[in-house]
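Examining the three-dimensional arrangement
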Amino acid sequence: MHIVPRGVRGDLLQEMIMTALNFACNSPLFCSSVAGSSQKSGVLKITCSALVSPDIAASARPWKVSDARLILEDGSIWRAKSFGASGTQIGELVFNTSMTGRCKINTGVNFGNGICHLNYYVNFLTNKCDEESSQCFLAGLVIRSLSICTSNWRCTESLEDYLAKRNIMGIYDVDTRAITRRLRQDGSLIGVLSTEESKTDEELLEMSRIWDIVGRKRIKLHYCMNDAKVYLASMDSNS
């Protein structure tokens, strides 16, 4: 007997199972025959269903459902799952094809105010020794899959915790190849990441189209060398 429950509470499921078992035991189609030496057997497949509220059904799911959106200025909408911080963030969507150096991507100034879209999937290593600066300049991170474990002994914390502490949004379970092809064909695009259900797709699309990147990557850095501060001039990658 194969029982397939679908979004049913425990008490209702138990009652339906007992009803099904009573039916199977009392039905001549599924009971063994003791007459002679032959025996009859069968397989009973039962699909259980019941009307439950969406809140109860959602809380019973052991998996995460899509709760985020990536909306590009060309009008395309990508449904995804969120990790890290929540809210709404806007930035220039760029893709990166490197297989290593993910910590440098997070803390590199060249990705300032940008939503970085990673093409190659590996377990993300977070380690302070590999960071390029003390600050994470990303506006958001887009990946295909979110690993639930890390394989490097130097890793100090998970990627989700790393982004959450720095108030950086991330999304996963999205078609990264399709997004890359779109960027290849159409060029640079402004994107909006959002987990806020109160904002409509039209509102987020309008945000992406009126946002201007010019001047937003201007930063100031300084490094200490032998107790002497060496200042770098302001940089604007758009000039």
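The structure contained in this document is the topic of the report that follows. Being a predicted model, the structure only gives us computed values, none of them experimental. (Residues numbered from 1 in each chain as written. Predicted model: local features only at pLDDT ≥ 70, side-chain atom pairs only at ≥ 80, totals over all residues. Heavy atoms only, no water.)

Bringing the overall build of the protein into the picture now. Helix and strand counts for the protein come out as six helices and 11 strands. Within the protein, the fraction of its 239 residues that count as buried is 36%. Accessible area of the protein: about 15,000 Å², with a carbon and sulfur share of 51%. (Helix = DSSP H or I, 4+ residues; strand = E, 2+ residues; numbered from the N terminus. Buried < 20%, exposed > 50% of the residue type's maximum accessible area, 1.4 Å probe, protein only. Areas by Shrake-Rupley, 256 points an atom, 1.4 Å probe, with all protein chains shown as cover.)

Let's shift gears to the pattern of salt bridges. Scanning the entire structure with this criterion turns up eight salt bridges. One salt bridge connects Lys81 with Asp173, and the closest N-O pair in it is separated by 3.1 Å. Highlighted residues: Lys81 in strand β4 (residues 77-84) and Asp173 in the loop between β8 (169-172) and α5 (176-186), separated in sequence by 92 residues. For Lys81, a relative accessible area of 17% puts it in the buried group. On the basis of relative accessibility, which here comes to 32%, the residue Asp173 falls in the partly exposed class. In this structure, a network of salt bridges that share partners links the residues Arg69, Arg79 and Asp201. (Salt bridge = Lys/Arg side-chain N within 4 Å of Asp/Glu carboxyl O.)

Counting 18 residues, the largest nonpolar core has Leu70, Trp78, Leu93, Val142, Ile171 and Ile179 as its most contacted members. When contributions to this core are tallied by element, the ones reaching two or more residues are β3 (68-72), β4, β8, α5 and β9 (189-194). Those residues in contact with Ile179 that sit more than four places away from it in its chain are Leu70, Trp78, Leu93, His117 and Val174. Among the nonpolar cores identified, the runner-up in size contains 14 residues, and Cys136, Leu141, Ile143 and Leu159 belong to it. (Core = buried A, V, L, I, M, F, W, Y, C linked by side-chain atoms within 4.5 Å. Contact = heavy atoms within 4.5 Å.)

Here we come to the sheet that holds β9. Strand order in the closed barrel formed by seven strands is β3-β4-β8-β7-β6-β5-β9, and the pairing between neighbours is mixed. Averaged over all pairs of adjacent strands, the angle between their axes in this sheet comes to 35°, without regard to strand direction. In this structure, β4 lies alongside β8, joined through four bridges in antiparallel fashion. Looking at β8, one finds that Ser82 is bridged to Ile171. Sheet strands touched by α5: β3, β4, β5 (88-96), β6 (114-118) and β9. Its angle to β5, the strand with the most contacts, is close to 80°. Contacts between helix α6 (residues 201-210) and the sheet are confined to β3, β4, β5 and β9, with β3 contributing the most and set at about 45° to the helix. (Pairing = 2+ DSSP bridges. Axes fitted to C-alpha atoms, helices over the stretch in contact; angles between N-to-C directions.)

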